[in-house]
Amino acid sequence: MPELPEVESVRRQLAPELTGRRVRDVTWDASPSARISDLDLLPGRRIEAVHRRGKFLLCPLDPTPDGDPLELVLHLGMTGSLSFTTTGGDTDPLPHVRVRIDLDDGRTLRFRDPRRFGRASVVPAGDYVDRIPTLATLGPEPLSPAFDPGGFAAALAATSAPVKAKLLDQRLVAGVGNIYADEALWRARIHPASRRVGRRRAAALHGAIVEVLTSAIEREGTTFRDYRMVNGASGRNATHLLAYGQADRPCQRCGEPLRRTVIAQRGTTFCARCQRH
DNA sequence: CACGCCTCCTGTGCGC
DNA sequence: TGCGCACAGGAGGCGT
């Protein structure tokens, strides 16, 4: 669900609330899928910051009495959301709350996740290679100088999968998901199934990715159903989508009805007339 | 290693 | 109204 703009919008609300807070207690439902791990290390730790890398939220913690620096890693998966209770008890019990983190100010941070695709783990700070391989191999942050057109073009040229699959892969560029992949490819006029993207078109796609992510962050993300910010508000980007979810509606450039297909097992909407192979 | 298919979960909306 | 199926913002595992 949440892609980079949604996770960044959550982070911006979460950081001032969590930074400096100490964890009093943690409860979670032990799912068989091991996506929740080592949360027993949280009580007593202080949350030093809330960072984002791709679609991951990273919360560095103060060192344990043993001196080990730890990090809380959260991933919202498709349907994850975070919110606070004001009192210790739940006046309004939410369904599908998987993790509760009780803080030293009396509030509880709740991690709700109906489909259980999200993740919550405590790891030794920065130790991702063995524990969270996708985080270890994440591509450059698209809104940082590390994401440059030349490197992006070279990475696109190095493999032969459909360009949309490469955008979803997270190793070429971090944080792009199904919505913004369709939006960026539409803007750059590149067919999502194209396996050849040359230097020129790579530069156009690079620019389109930066644009769609930047404007989506300004609108605090795209809400369909589950995605909410920490304060419960919806993002405002849904009405600005030009490709994702717009199948059968006219292309805003050429008027051709947009088509839906499946690429990399994901629903994909594109204009067969102005997005070229 | 690259690629592509299947799976993990739960809920919702649609056609019949 | 009820049932079954397709589909949903992500990504991990496995076979080729």
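Look a little higher up for the structure.
Here we summarise the structure given alongside this text.

Each value, and the rule that gives it
Residues numbered from 1 in each chain as written. Chains lettered and ligands numbered in written order. Predicted model: local features only at pLDDT ≥ 70, side-chain atom pairs only at ≥ 80, totals over all residues. Heavy atoms only, no water. Pairing = 2+ DSSP bridges. Helix = DSSP H or I, 4+ residues; strand = E, 2+ residues; numbered from the N terminus. Salt bridge = Lys/Arg side-chain N within 4 Å of Asp/Glu carboxyl O. Buried < 20%, exposed > 50% of the residue type's maximum accessible area, 1.4 Å probe, protein only. Arc of directions from axis to C-beta. Contact = heavy atoms within 4.5 Å.

## Quick word on the sheet that holds strand β4 (residues 56-60)
Here's step 1: If you walk across this open sheet you meet the 5 strands as β2-β9-β5-β4-β3, and the pairing is mixed. The open sheet has two edge strands with one neighbour each: β2 (36-37) and β3 (51-53).

## Thoughts on the pattern of salt bridges
Here's step 1: The final tally for this structure, using the stated rule, is 21 salt bridges.
Here's step 2: A salt bridge links D105 to R21; its shortest N-O distance comes to 3.9 Å. Of this pair, D105 sits in the loop between β7 (97-103) and β8 (108-112) while R21 sits in the loop between α1 (4-18) and β1 (23-28), placing them 84 residues apart in sequence.
Here's step 3: On the basis of relative accessibility, which here comes to 32%, the residue D105 falls in the partly exposed class.
Here's step 4: One salt-bridge network, in which partners are shared between bridges, spans E8, R11, R12, R52, R53 and E141.

## Some details on the pairing of strand β6 (residues 81-85)
Here's step 1: Burial analysis of β6 places 5 of its 5 residues in the buried class, which makes it a mostly covered element.
Here's step 2: Residues S81, S83 and T85 point to one face of β6 and L82 and F84 to the other, with burial holding for every one of them.
Here's step 3: Where β6 and β8 come together, 5 bridges link them in antiparallel fashion. Its bridge partner being in β8, L82 is matched across the sheet by F111.

## Topic: helix α3 (residues 149-158)
Here's step 1: Buried within α3 are the following residues: F152, A153 and L156. An end-on view of α3 places all buried positions within 100 degrees of arc, on one side of the element.
Here's step 2: Buried positions along α3 lie against α4 (163-168) and α6 (199-218).

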